[in-house]
Amino acid sequence: MKMSGGVEWALHCCVALSEAGAPVTAAKLAELHDVSQSYLAKQLQLLSRAGLVRSTLGQSGGYVLTRAANEITVLDVVEAIDGVQPAFRCTEVRQRGPMAVPPERCDTPCPIARAMDSADRAWRESLRAVTIADLIADVNRTTPPEILAGAREWLGA
């Protein structure tokens, strides 16, 4: 399964927002991740449309998560950024060419479509099983404490 780069940035933003003590601007998130603000703003808009983040207005405005980190899955973020369509779309190749199977004989999905659908379901279930809170726990286990402290301070947490 191939995902866009926006998924990675959106997941990093969700982790950062969950650790921030107040709303964080798109500019500050872009600076934290060393990515263009306009690019990151597009990902934040997609997260907002999906109901995963909301923006707050005013001098202390910015983005916040709409739910607790343990209630947002990696799949939620992937689908917000890349959409919900399956990775594979069967075009019924078996019904083409000189040895085409007649459409009326194609009453079940072909083995290739079944295998791809099974893989897509397994991939989605795997991502559905991991939450932003799980990612945070892993970040906390694998990142040097002084880096974590600096990031939290920088975010205003």
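Worth saying up front: this structure is predicted, and the values here are computed from it rather than measured.

Caption draft 1: Up close: the overall build of the protein chain. When you go through the protein chain residue by residue, the secondary structure sums to seven helices and two strands. Listing the helices and strands of the protein chain from first to last along the sequence gives α-α-α-β-β-α-α-α-α. Relative to the globule expectation of 15 Å for 157 residues, the C-alpha radius of gyration of the protein chain, 20 Å, shows a markedly less compact shape. With respect to the three principal axes, the spread of C-alpha positions in the protein chain is 65 × 30 × 25 Å. Expressed as a percentage of the 157 residues in the protein chain, the buried residues total 31%. Taking all contacts inside the protein chain whose residues are at least 6 apart in sequence as the whole, residues at least 24 apart take part in 66%. Carbon and sulfur atoms provide 55% of the accessible area of the protein chain, an area that totals close to 9,600 Å².

Caption draft 2: The arrangement of the environment of proline 23 in detail. Of note, proline 23 is situated in the loop between α1 (5-19) and α2 (26-33). Beyond its immediate chain neighbours, meaning those up to four positions away, proline 23 contacts Thr56, Ser60, Gly61, Gly62, Tyr63 and Val64.

Caption draft 3: Structural detail: the packing of aromatic side chains. Enumeration over the complete set of coordinates arrives at zero aromatic pairs. Over the face of the ring belonging to tryptophan 154 we find lysine 28, whose NZ or CZ atom lies 4.8 Å from the ring centre.

Caption draft 4: Inspection of the state of the cysteines at higher detail. Scanning the entire structure with this criterion turns up zero disulfides. Cysteine 110 provides the cysteine sulfur closest to cysteine 106, a residue in no disulfide bond, and the two sulfurs are 8.4 Å apart. In this structure cysteine 106 comes out as buried when scored by relative accessible area, which is 14%.

Caption draft 5: Spatial organisation of the nonpolar core. Ranked by size, the top nonpolar core spans 34 residues in total, and within it Leu17, Leu29, Leu40, Leu44, Leu47, Val77 and Ile132 carry the most contacts. Breaking this core down by element, the ones donating at least two residues are α1, α2, α3 (37-49), β2 (62-65), α4 (74-82), α5 (111-128) and α6 (132-142). Examining the composition of this core, we find that eight residues originate from one element, α1, more than from any other.

Caption draft 6: Region of interest: a nonpolar patch on the surface. A surface patch of nonpolar side chains, amounting to about 270 Å² of accessible area, comprises Phe88, Ile112 and Met116. Here isoleucine 112 lies in helix α5. Its relative accessible area of 55% is what places isoleucine 112 among the exposed residues.

Caption draft 7: Main features of the pattern of salt bridges. Considering all chains together, one arrives at eight salt bridges under this definition. Linking arginine 121 and aspartate 117 is a salt bridge whose minimum nitrogen-to-oxygen distance equals 2.1 Å. Separated by four residues within a single helix, arginine 121 and aspartate 117 lie in helix α5, roughly one turn from each other. As a salt-bridge pair, glutamate 125 and arginine 128 come within 2.2 Å of each other at their nearest N and O atoms. Of the two residues, glutamate 125 and arginine 128 are both situated in helix α5; the distance of three residues between them amounts to about one turn of the helix. Given a relative accessible area of 47%, glutamate 125 falls into the partly exposed group. Residue class for arginine 128 comes out partly exposed when judged on its relative accessible area of 40%. Here the residues in one salt-bridge network are Glu79, Asp120 and Arg124, joined through shared partners.

Rules of the game
Residues numbered from 1 in each chain as written. Predicted model: local features only at pLDDT ≥ 70, side-chain atom pairs only at ≥ 80, totals over all residues. Heavy atoms only, no water. Helix = DSSP H or I, 4+ residues; strand = E, 2+ residues; numbered from the N terminus. Rg over C-alpha atoms; globule rule 2.2 N^0.38 Å. Buried < 20%, exposed > 50% of the residue type's maximum accessible area, 1.4 Å probe, protein only. Contact = heavy atoms within 4.5 Å. Areas by Shrake-Rupley, 256 points an atom, 1.4 Å probe, with all protein chains shown as cover. Phe/Tyr/Trp six-rings, centres within 6.5 Å; stacked < 30°, edge-to-face > 60°. Lys NZ or Arg CZ within 6 Å of the ring centre and 35° of its normal. Disulfide = S-S within 2.5 Å. Core = buried A, V, L, I, M, F, W, Y, C linked by side-chain atoms within 4.5 Å. Patch = residues over 30% accessible without salt bridge, like charges linked within 9 Å, V, L, I, M, F, W, Y side chains within 5 Å. Salt bridge = Lys/Arg side-chain N within 4 Å of Asp/Glu carboxyl O.

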